[in-house]
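A look at the structure
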Amino acid sequence: MRDARTKEAAERSRQRSVLMARAQSGDQDAYRVLLDDVAQALRGFLRRRVADTSEVEDVLQDVLMAMHRARHTFDPMRPLEPWLFAIARNVTIDHARRRASRGRWELQVDELPDQAGSIEEPAAPRLDEALAKLPASQREAFEMLKLEGLTVEAAAERAGTTAGALKVRAHRAYKALRAMLGGGE
Amino acid sequence: MTADSHLAETKRQLVDDLRPVRRLWSPGARTALWVALEAVMLLYLLATRARGDVGALLAMPGFVLELAAVVTASVLLARLAFAAGVPGHDVHPGIRGIAFACVALAATHVLTRPFRTDLSLAAFANGAHCAVQAGVLAFVPWLVILVALRRAAPFRGALAGALGAGAAFLMAFAFQRLTCPVDDMLHLLAWHGLPVVAAVLVSALIGVWWLPRWRS
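Residues numbered from 1 in each chain as written. Chains lettered and ligands numbered in written order. Predicted model: local features only at pLDDT ≥ 70, side-chain atom pairs only at ≥ 80, totals over all residues.

Tallying secondary structure elements over chain B gives eight helices and zero strands in all. Considered along the principal axes of its C-alpha atoms, chain B spans approximately 75 × 30 × 30 Å. By the burial criterion, 38% of the 216 residues in chain B qualify as buried. A separation of at least 24 residues holds for 87% of the contacts in chain B among residues at least 6 apart in sequence. (Helix = DSSP H or I, 4+ residues; strand = E, 2+ residues; numbered from the N terminus. Buried ≥ 20, exposed ≤ 12 C-beta atoms within 10 Å, placed from the backbone. Contact = placed C-beta atoms within 7 Å.)

Okay, structure coming up:
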C-alpha cells in the first residue's frame, strides 16, 4: 500500500518535471496543466504557513508569478518539488516580513479617544492617496495604462517587463484600489 | 471578483505570457567555467608578474597550505553563490563550514607572518597599490558572478552578493600572494585582507538592491 503510494508520488513528480520541461520550451498546454496541478499542492502548503488565511490566495498568486519568472532555473533532471517549494517558502517569508514591517507602523491603542480628531465624516481616500499606498510596480502599471493611456505592450516595454507580467501588476493594482476606495467587486 | 477567479485570471495571464526560455546551466557547470576563467588569469599573472622568489615560496609547506586554503575557500564560495541563484538547489551544509575553516586556516598563517611597523609614505603608497590591484584582479570574476546571479533567481540577494564577492576577492588574495613581494603581516591584513571584507559588504548591498529584481 505504502509502496504504491510512494510509486504514485514519484510518478506524479516525474510528470511535473516533464510538464515544466515542456513549459520551458514554450508549450502552453503543458504549462496550463502544470499550473492547475501545482496550485492545488501550493495551496495546502501555504495554508500551513500563512497566518492570515485570507491572504493565502494572494501569496499563492505571488508564488505562481515567482515560479513563472524563475522557470529558466529549473533543471528537468531534478524533481520539481524542491525547486517549487523553495520558491513558495521564500515568497512566504517575504510576505511575513512585509506584514511584520506594516504592523510596526500601525499604532495599537488600549482605549479609543473620547472625541475624534475631526467632527466631519471621514472622507473616502482620494485616488492619489490610494495610489501612493500601492507597491511601486503596481502603481506604475496603473498609471501607464489608465492615466497615460499607453497600450499594454508600450507600458510593458517602458517598465522593462513582459506584457503578461504588466497585466498581472495592473490587475492587482485595480483590486487593491477597489478595496481602498470602497468599490464593490 | 472572487479569489478563485483572480487565481484563474493570473494563471491565464501566465500561460499567455509563456515564452521559451534558455535553461540556466547548473551551479556546478557555472562554477567550473568560473574556475577556468580564474585559471587563465593565474597563468597570465604567473607568466608576467610573479614575484622573484615564487619557486622558493612554493617549496614552503605553510605558504602552500595558506594558498590552497584560500583557493579552496574561493571555489567553495563561488559554488555556494551560484547555488544561491537556483531555488531549492541546496548545497551540503558542510561546504559552508569547510569554506570558513579554510579562511580561518589561511588567516592563521597570515597572522604568523613577521610584523614590521612601517608607517612611511612609501609603505602606504605600496599598500594602496596592492588594494587597487586586488580590485583589478577581482573585478571581472566578481562581475561574472553578479551577472550570472542576476540571470538566475536568487531570493537572498545580500547573501548571494556577499558570497560572490568573497569568492572573487579571496582568489585575488591568493593571486596577490604570488605577485606581491611583501610578506609583512600588517601589509597583508590591511591591504590584501581588508579589500576582501570591504568588497563582501559592498557586494551584499549591491545584492540587496540589484539581484532580487528578477521578481518584479
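Each helix and strand counted, chain A has eight helices and zero strands in total. The secondary structure elements of chain A, listed N-terminal to C-terminal, are α-α-α-α-α-α-α-α. The burial tally for chain A puts 31% of its 185 residues in the buried class. Of all intrachain contacts in chain A linking residues separated by at least 6 positions in sequence, the fraction that spans at least 24 positions is 56%.

Moving on: the packing of helix α2 (residues 27–48) of chain B against helix α4 (residues 61–84) of chain B. Each pair of packed helices gets described by two things: the angle between the helix axes and the distance between those axes. Residue and element names in this part refer to chain B. The contact between α2 and α4 brings their axes to 9 Å, and the two run at 140°. Between α2 and α4, the angle falls in the class oblique. Crossing handedness for the pair α2 and α4: right-handed. Together, P27, R30, T31, W34 and V35 of α2 and V75, A78, R79, F82 and A83 of α4 make up the contact between the two elements. Class assignment for the residues of the contact of α2 with α4 results in seven nonpolar, one polar and two charged. (Axes fitted to C-alpha atoms, helices over the stretch in contact; angles between N-to-C directions. Parallel < 35°, antiparallel > 145°, perpendicular 65-115°, else oblique. Left-handed = near helix turned anticlockwise from the far one by under 90°. Nonpolar A, V, L, I, M, F, W, Y, C, P; charged D, E, K, R; others polar.)

Judged by nonpolar contacts, the single largest core of 90 residues is most densely connected at V63 of chain A together with V70, L77, A81, I145, F169 and L170 of chain B. If you tally residues by element for this core, the top one is α4 of chain B, at 14 residues. Shared between two domains, this core takes at least three residues from each, and those domains are domain 1 (9–103) and domain 2 (127–181) of chain A. Among all residues touching I145 of chain B, those that are not within four sequence positions of it are W34, A78, A81, G164, A167 and A168 of chain B. (Core = buried A, V, L, I, M, F, W, Y, C linked by C-beta atoms within 7 Å. Domains from an automatic or database assignment.)

Facing 30 residues of chain B, the contacting portion of chain A comprises 37 residues. By residue class, the composition of the side of chain B that touches chain A is 15 nonpolar, seven polar and eight charged.

Time to look at the domain arrangement of chain A. Along its sequence, chain A is carved into domain 1 (9–103) and domain 2 (127–181). Here domain 1 of chain A and domain 2 of chain A have C-alpha centroids that lie 24 Å from each other.

A few words now on helix α7 (residues 157–179) of chain B. With 23 residues, α7 of chain B should reach 33 Å at 1.5 Å per residue; the first-to-last C-alpha distance of 33 Å fits that figure. For α7 of chain B, the tally of buried residues reaches 19 of 23 residues, placing the bulk of the element in the interior. (Expected span 1.5 Å × (residues − 1).)

Residue and element names in this part refer to chain B. Across the interface, α2 lies against helix α6 (residues 121–151) with an axial gap of 10 Å and an inter-helix angle of 160°. Between α2 and α6, the angle is such that the two are roughly antiparallel. Viewed along their axes, α2 and α6 form a crossing whose handedness is right-handed. Along the contact surface, α2 presents R30, W34, L37 and E38, while α6 presents P141, V144, I145 and A148. Each residue belonging to the contact of α2 with α6 can be placed in one class, and the counts come to six nonpolar, no polar and two charged.

Let us now look at the environment of R79 of chain B. Residue and element names in this part refer to chain B. Looking at where R79 falls in the secondary structure, it is placed in helix α4. Residue R79 is classed as buried on the basis of its C-beta count, with 22 C-beta atoms lying within 10 Å. Taking C-alpha positions, R79 is 8.8 Å from A32, a pair spaced 47 residues apart along the chain. If sequence neighbours within four positions are ignored, R79 has contacts with P27, T31, V91 and I95.

Confidence in the prediction for chain B averages 94 pLDDT; 99% of positions are at 70 or higher. In the predicted complex, the global pTM is 0.78; the interface-specific ipTM is 0.85. (pLDDT = per-residue confidence, 0-100.)

Residue and element names in this part refer to chain A. With respect to the helices and strands, E8 occurs in helix α1 (residues 2–24). Judged by the 10 C-beta atoms lying within 10 Å of it, E8 is exposed. For the pair E8 and E143, spaced 135 residues apart in sequence, the C-alpha to C-alpha distance is 48 Å.

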